[in-house]
Amino acid sequence: MILHGKTALVTGAGKGIGRAIALRMAIEGANVVINYSGSEDAAADCATECEKAGVRTLRIKADVSDAAQVEEMFARAVEEFGTVDILVNNAGITRDKIILRMKEEDFDSVLDINLKGSYNCMKAASKIMLKQRNGRIISISSIVGLRGNVGQVNYSASKAGIIGMTKSLARELASKGINVNAVAPGFIETDMTKALPESEKEKLLAVIPAGRMGKPEDIAGAVLFLAGPDSSYVTGQVLTVDGGMV
Ligand code: NAP
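Throughout what follows, the structure given in this document is the object of discussion. (Residues numbered from 1 in each chain as written. Predicted model: local features only at pLDDT ≥ 70, side-chain atom pairs only at ≥ 80, totals over all residues. Heavy atoms only, no water.)

Re the sheet that holds strand 7 (residues 238-241)
Phase 1 of the analysis: Read across the sheet, seven strands follow the order 3-2-1-4-5-6-7 without closing on themselves; strand pairing throughout is parallel. Bordering the open sheet on either side are strand 3 (57-61) and strand 7, each of which pairs with just one other strand. On average, adjacent strands in this sheet sit at an angle of 15° to one another, irrespective of strand direction.
Phase 2 of the analysis: Pairing geometry for strand 1 (residues 7-10) and strand 4 (residues 86-89), over three bridges, is parallel. When the sheet's bridge partners are listed, Val10 is paired in strand 4 with Val88.
Phase 3 of the analysis: Across the sheet, helix 1 (residues 16-27) touches strand 1, strand 2 (31-36), strand 4 and strand 5 (135-140), and the angle it forms with strand 1 is around 175°. (Pairing = 2+ DSSP bridges. Helix = DSSP H or I, 4+ residues; strand = E, 2+ residues; numbered from the N terminus. Axes fitted to C-alpha atoms, helices over the stretch in contact; angles between N-to-C directions. Contact = heavy atoms within 4.5 Å.)

Digging into the environment of Ser141
Phase 1 of the analysis: Note on placement: Ser141 falls in the loop between strand 5 and helix 5 (144-147).
Phase 2 of the analysis: By relative accessible area, Ser141 is classed as buried at 2%.
Phase 3 of the analysis: For the pair Ser141 and Asp112, spaced 29 residues apart in sequence, the C-alpha separation works out to 14 Å.
Phase 4 of the analysis: If sequence neighbours within four positions are ignored, Ser141 has contacts with Lys159, Ile162, Ile163, Ala182, Val183, Ala184 and Pro185. (Buried < 20%, exposed > 50% of the residue type's maximum accessible area, 1.4 Å probe, protein only.)

Observations concerning the side chain of Asn90
Phase 1 of the analysis: Mapped onto the fold, Asn90 is located in the loop between strand 4 and helix 4 (104-132).
Phase 2 of the analysis: Side-chain polar atoms of Asn90 contact the backbone oxygen of Gly12, separated by 3.0 Å.
Phase 3 of the analysis: Beyond its immediate chain neighbours, meaning those up to four positions away, Asn90 contacts Val10, Thr11, Gly12, Ile17, Gly18, Ile21 and Ile140. (Polar contact = N/O pair within 3.5 Å; in protein donor to acceptor, adjacent residues only side chain to side chain.)

Looking at the pattern of salt bridges
Phase 1 of the analysis: Under the criterion given, the structure shown has eleven salt bridges.
Phase 2 of the analysis: Between Arg56 and Glu80 there is a salt bridge, with the nearest N and O atoms lying 3.2 Å from each other. Of this pair, Arg56 sits in the loop between helix 2 (40-51) and strand 3 while Glu80 is found in helix 3 (residues 67-81), placing the two residues 24 residues apart along the sequence.
Phase 3 of the analysis: Among the residues examined, Arg56 registers a relative accessible area of 43% and is labelled partly exposed.
Phase 4 of the analysis: Taken together, the shared-partner salt bridges connect Lys15, Asp191 and Lys194 into one network. (Salt bridge = Lys/Arg side-chain N within 4 Å of Asp/Glu carboxyl O.)

Some points on the nonpolar core
Phase 1 of the analysis: In this structure, Ile21, Met25, Val183 and Val223 are the most contacted members of the largest nonpolar core, which totals 33 residues.
Phase 2 of the analysis: The set of elements that each furnish at least two residues to this core consists of strand 1, helix 1, strand 2, helix 2, strand 4, strand 5 and helix 9 (216-227).
Phase 3 of the analysis: By residue number, the principal contributor to this core is helix 9, which donates seven residues.
Phase 4 of the analysis: Setting aside its immediate chain neighbours within four residues, Val223 contacts Ile21, Met25, Val88, Ile138, Ile140 and Val183.
Phase 5 of the analysis: Ranked by size, the runner-up nonpolar core spans 30 residues in total, among them Ala62, Val70, Met165 and Val180. (Core = buried A, V, L, I, M, F, W, Y, C linked by side-chain atoms within 4.5 Å.)

Examining the site of the ligand
Phase 1 of the analysis: Residues in contact with the ligand amount to 30 residues; listed here are only the nearest, Ser37, Ser39, Asn90, Tyr155 and Thr190.
Phase 2 of the analysis: Within the side chain of Ser39, one N or O atom sits 2.5 Å away from an oxygen atom of the ligand.
Phase 3 of the analysis: In isolation the ligand has 890 Å² of accessible area, and contact with the protein removes 93% of it.
Phase 4 of the analysis: Counting only elements with at least two residues in the shell around the ligand, the list comes to helix 1, strand 2, helix 6 (153-173) and helix 7 (191-194).
Phase 5 of the analysis: Considering every element that reaches the shell around the ligand, the biggest residue donor is helix 7, with three residues.
Phase 6 of the analysis: Residue composition of the shell around the ligand, by class: 13 nonpolar, 13 polar and four charged. (Near = heavy atom within 4 Å. Areas by Shrake-Rupley, 256 points an atom, 1.4 Å probe, with all protein chains shown as cover. Nonpolar A, V, L, I, M, F, W, Y, C, P; charged D, E, K, R; others polar.)

Thoughts on helix 3
Residues spaced three or four apart along an α-helix face the same direction, because each turn holds 3.6 residues.
Phase 1 of the analysis: Look at helix 3: 21 Å from first C-alpha to last across 15 residues, which is about the 21 Å you get at 1.5 Å a residue.
Phase 2 of the analysis: Restricting attention to buried positions, one finds in helix 3 the residues Val70, Met73, Phe74, Ala77 and Phe81. The arc enclosing the buried residues of helix 3, seen along the axis, measures out at 95°, which places them on a common side. The outward face of helix 3, more than 90 degrees from its buried face, is lined by the exposed residues Ala68 and Glu79.
Phase 3 of the analysis: Summarising the contacts, the buried residues of helix 3 are in contact with strand 1, strand 2, strand 3, strand 4 and helix 4.
Phase 4 of the analysis: Regarding helix 3, its N-cap is Asp66, as a side-chain oxygen of that residue lies 3.0 Å from the backbone nitrogen of Ala68 further along. (Expected span 1.5 Å × (residues − 1). Arc of directions from axis to C-beta.)

Encoded structure:
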């Protein structure tokens with residue numbers, strides 16, 4: 001139980017990759033703050049599963065793109081658990097379109113939730129972690145932020161932005177005992193990729209050396225490494241988890 005006694009806040013934890021991360025944290029002994037914005041039932045189910053590991057949970061509905069809601073979420077987490085030791089910026093959306101069809105609101109909503117949402121949470125978490133001079137901030141980027149992708153100008157900008165923020169904040173906070181890293185998943189089986197047409201999935205599978213899509217648990221394992229004691233000298237890094245794709 002490498003996270004025994006810690007408190008982890010996972011954004012977008014009701015489903016997909018966030019849920020797998022929350023469960024993994026719970027199994028390793030961390031109390032988990034489960035953030036969601038719309039999937040209330042999924043968040044409740046995630047909490048029930050986490051609690052089976054013997055830890056406490058707190059479900060908080062908050063839109064990560066709204067700084068006031070994020071502040072309030074961290075305040076409630078501190079009220080309940082005393083602190084936040086681990087932040088996982090997982091919440092994210094896609095609004096895929098080729099550039100000529102991409103509307104301003106497609107660009108803005110993806111940047112607001114994926115990038116500004118991560119910034120809002122990084123800022124709120126930093127305040128708490130600086131006081132205790134200890135903490136881990138892990139953000140879910142994407143291989144698309146490293147290599148780009150057709151139809152994802154908005155999404156790749158948000159995910160590349162997360163990498164830039166991670167590297168800058170890692171430098172700001174390294175001497176204060178706070179490590180800041182990112183995980184860049186490849187092609188993972190969740191609702192986000194379910195929407196892709198079969199022809200697109202076949203093309204993607206053909207370029208994954210591992211020969212399969214990743215599972216949310218594959219990402220949770222990498223996040224756990226970055227949240228746990230074995231990565232105490234690792235900061236400012238992007239850990240790619242993509243079956244060899246990039
Ligand atoms: P998903 O199943 O669609 O989950 C997305 C999560 O984000 C949901 O829990 C959702 O919660 C939450 N969310 C969306 N808008 C939010 C907001 N404004 N405030 C708070 N939470 C919000 O997708 P996923 O595949 O698990 O994605 C998780 C992360 O991994 C995302 O950042 C995604 O970009 C990244 N990623 C995924 C893949 C992949 O292949 N699946 C690859 C690379 C990176 P609600 O339903 O409650 O809104």
